[in-house]
Amino acid sequence: MSRGVIIQASSRNNGDTHKMVSVLQEHTGYDIINLNKKNIGHFDYEFKNAQDDFKALFIEITDKYETIVFATPIYWYTMSGLLKVFLDRISDFLYREKDIGRRLREMRMAVLSCSNEVSVFDGFLMPFEKSAEYLGMEYLGHIHTCVENDTISKEMELMIKEFANKRILAHV
Ligand SMILES: Cc1cc2nc3c(=O)[nH]c(=O)nc-3n(C[C@H](O)[C@H](O)[C@H](O)COP(=O)(O)O)c2cc1C
């Protein structure tokens, strides 16, 4: 069975995105990494923050897992800052220790977004699709989830289960 990880990129540990991540975790059995609990600095051309949590985390992810599901709330029409910084820092492994960066070529990417709106607008997915293409990752697809009145509807739970089965686990 493929090993996968859900990278939770919300500024709330137990917020809306986490509710959706919990459902996805239940149906995939994937591990969860909470970026909000990591110390990961912005990309730096001089690699001044090479000692923060990113390097060890990235090595662990590319060593242990075959599939990454990025789980992000929608903040200002795009992915969260936490996730953008994580993606920026992948560049560390494109400049240096490229053999570790190239491990992504064997990996798959999927995306879960979360907001209080029922759909996402055109363009939201472009950075993920293009990044997967650039990094040589197989792009499995996207699900948008919506929290209304702090709850997940039964329909939403079913949609997440179907996404897990058809888009994530089916490609293993
Ligand atoms: C800084 C910030 C920016 C937001 N921007 C948007 C937005 O552009 N579009 C939208 O639909 N919702 C936006 N929201 C609402 C969140 O997407 C929504 O409340 C989401 O469910 C929060 O998930 P979380 O609990 O994991 O943070 C924003 C919320 C915050 C805190």
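See the structure printed just above.
Residues numbered from 1 in each chain as written. Predicted model: local features only at pLDDT ≥ 70, side-chain atom pairs only at ≥ 80, totals over all residues. Heavy atoms only, no water.

**Some details on the overall build of the chain**
In terms of regular secondary structure, the chain is built from seven helices and five strands. Along its sequence from the N terminus, the chain presents helices and strands in the succession β-α-β-α-β-α-α-α-β-α-β-α. At 15 Å, the chain has a C-alpha radius of gyration in line with the 16 Å of a compact globule built from 172 residues. In terms of its C-alpha atoms, the chain occupies a principal-axis envelope of roughly 45 × 35 × 30 Å. (Helix = DSSP H or I, 4+ residues; strand = E, 2+ residues; numbered from the N terminus. Rg over C-alpha atoms; globule rule 2.2 N^0.38 Å.)

**Examining the environment of Tyr77**
Relative to the elements of secondary structure, Tyr77 occurs in the loop between β3 (67-73) and α3 (81-90). For the pair formed by Tyr77 and Ser115, sequence separation is 38 residues and the distance between their alpha carbons is 9.8 Å. If we ignore the near neighbours within four places in the chain, the residues touching Tyr77 are Phe121 and Phe124. (Contact = heavy atoms within 4.5 Å.)

**A few points about α3**
Looking at α3, one finds that the buried residues are Leu83, Val85, Phe86, Leu87, Arg89 and Ile90. Elements that come into contact with the buried residues of α3 comprise β1 (4-8), α2 (54-64), β3, α4 (92-95) and α6 (126-135). (Buried < 20%, exposed > 50% of the residue type's maximum accessible area, 1.4 Å probe, protein only.)

**Quick word on the pattern of salt bridges**
For the structure shown, the criterion picks out 11 salt bridges. A salt bridge links Arg12 to Asp16; its shortest N-O distance comes to 3.6 Å. Each of the salt bridges in this network shares a partner with another, and the network as a whole consists of Arg12, Asp16 and Lys19. (Salt bridge = Lys/Arg side-chain N within 4 Å of Asp/Glu carboxyl O.)

**Quick look at the packing of α2 against α3**
Each pair of packed helices gets described by two things: the angle between the helix axes and the distance between those axes. In contact at an axis separation of 11 Å, α2 and α3 are set at 80° when each is read in the N-to-C sense. Comparing their axes, α3 and α2 come out roughly perpendicular. Contact residues: α2 offers Phe54, Leu57, Phe58 and Ile61, while α3 offers Phe86, Arg89 and Ile90. Along the lines of polarity and charge, the residues of the contact of α2 with α3 split into six nonpolar, no polar and one charged. (Axes fitted to C-alpha atoms, helices over the stretch in contact; angles between N-to-C directions. Parallel < 35°, antiparallel > 145°, perpendicular 65-115°, else oblique. Nonpolar A, V, L, I, M, F, W, Y, C, P; charged D, E, K, R; others polar.)

**Let's talk about the site of the ligand**
Around the ligand there are 14 residues in total, and Arg12, Asp16, Thr17, Ile74 and Tyr75 lie nearest to it. Between the ligand and Ser10, the relevant distance is 2.7 Å, taken from an oxygen atom to a side-chain nitrogen or oxygen of the residue. For the ligand, whose free accessible area comes to 630 Å², the fraction covered by protein is 71%. Elements with a contribution of two residues or more to the shell around the ligand: α1 (16-28) and β4 (108-115). Grouping the amino acids of the shell around the ligand by side-chain chemistry returns six nonpolar, five polar and three charged. (Near = heavy atom within 4 Å. Polar contact = N/O pair within 3.5 Å; in protein donor to acceptor, adjacent residues only side chain to side chain. Areas by Shrake-Rupley, 256 points an atom, 1.4 Å probe, with all protein chains shown as cover.)

**Focus: the packing of aromatic side chains**
This structure, assessed with the given rule, holds 14 aromatic pairs. Their ring planes at 50° and their centres at 6.1 Å tell us that Phe54 and Phe93 sit as a pair that is tilted. Here the residue Phe54 occupies a position in helix α2, and Phe93 occupies one in helix α4, the gap between them amounting to 39 residues. Residue Phe93 is classed as buried on the basis of its relative accessible area of 3%. (Phe/Tyr/Trp six-rings, centres within 6.5 Å; stacked < 30°, edge-to-face > 60°.)

**Points about the environment of Leu135**
Structurally, Leu135 can be placed in helix α6. Given the relative accessible area of 13%, Leu135 is considered buried. Those residues within four positions of Leu135 in sequence are excluded, and the remaining contacts are Ile90, Leu94, Leu104 and Arg105.

**Details of the side chain of Asn49**
Within the secondary structure layout, Asn49 lies in the loop between β2 (31-34) and α2. Under the relative-accessibility criterion, Asn49 is labelled buried at 18%. Within the structure, Asn49 has its side chain in polar contact with the side chain of Arg89 (distance 3.4 Å). In contact with Asn49, other than residues within four places in its own chain, are Gly41, His42, Asp44 and Arg89.

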